[in-house]
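Topology and contacts: notes
Here are the chains, one letter per residue:
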Amino acid sequence: GGLEVDRCARSARETPERGSRANLAVPCGTHRLSAAVVLSWRGLVMSPRPGHIAGEVAIDAPRPRRDAFRTAPEFVARSAQLSEMLGAAMPEAAQ
């Protein structure tokens, strides 16, 4: 829920400062596509059991990403790509 997104957002804000010195990445998991697109440098789609990476989308929009980013064409495009990959990774999509 909201708490996981808040923690990821806080980590994402701190990572550029710490990460640039130590080549550090902070993995965050979320079930919200919008959160994934706003917070991430790349979005990974996992398959159901057994879980494996079913798709990847680079999210190379400039940082920091403000609220206005949620209406930007890049946000819409990356959200659509991830949504399509997620749908294709679900077993029901094959039926």
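See the structure shown above.
Residues numbered from 1 in each chain as written. Predicted model: local features only at pLDDT ≥ 70, side-chain atom pairs only at ≥ 80, totals over all residues. Heavy atoms only, no water.

Structural notes on the pairing of strand S2 (residues 53-58)
Summarising the sheet, strand S1 (residues 42-46) and S2 pair through five bridges and their orientation is antiparallel. If you follow Leu44 over to S2, its bridge partner there is Glu56. Connecting S1 to the next strand, S2, in antiparallel fashion are six residues. (Pairing = 2+ DSSP bridges. Helix = DSSP H or I, 4+ residues; strand = E, 2+ residues; numbered from the N terminus.)

Quick word on the nonpolar core
Counting ten residues, the largest nonpolar core is built from Val37, Val38, Val45, Val57, Ile59, Ala61, Phe69, Phe75, Leu82 and Ala89. At the level of elements, helix H2 (33-39) and helix H3 (73-89) are the ones that each hand at least two residues to this core. With three residues, the top contributor of residues to this core is H3. In this structure, Leu82 is in contact with Leu33, Val37, Gly43, Val45 and Val57, ignoring residues within four places of it in sequence. (Core = buried A, V, L, I, M, F, W, Y, C linked by side-chain atoms within 4.5 Å. Buried < 20%, exposed > 50% of the residue type's maximum accessible area, 1.4 Å probe, protein only. Contact = heavy atoms within 4.5 Å.)

Some thoughts on the side chain of Ser79
Position of Ser79 among the secondary structure elements: in helix H3. Among the polar contacts made by the side chain of Ser79, one reaches the main-chain carbonyl oxygen of Phe75 at a distance of 2.9 Å. Beyond its immediate sequence surroundings of up to four residues, Ser79 is in contact with Leu33 and Val37. (Polar contact = N/O pair within 3.5 Å; in protein donor to acceptor, adjacent residues only side chain to side chain.)

A short note on H3
Here H3 spans 24 Å end to end across 17 residues, near enough to the 24 Å set by a 1.5 Å rise per residue. Those residues of H3 lying buried are Phe75, Ser79, Leu82 and Ala89. Mapping the buried residues of H3 onto a view down its axis gives an arc of 90°, with all of them on the same face. Facing away from the buried surface of H3 by more than 90 degrees, the exposed residues are Pro73, Glu84 and Ala88. (Expected span 1.5 Å × (residues − 1). Arc of directions from axis to C-beta.)

A few points about the pattern of salt bridges
If you walk through the whole model with that rule in mind, you get two salt bridges. Residues Arg42 and Glu56 are paired through a salt bridge, measuring 3.0 Å at the closest nitrogen-oxygen approach. Separated by 14 residues along the polypeptide, Arg42 in strand S1 and Glu56 in strand S2 bring together distant segments of the chain. Arg42 gets classed as partly exposed once you look at its relative accessible area, which sits at 48%. (Salt bridge = Lys/Arg side-chain N within 4 Å of Asp/Glu carboxyl O.)

Geometric values such as these leave the question of function open.
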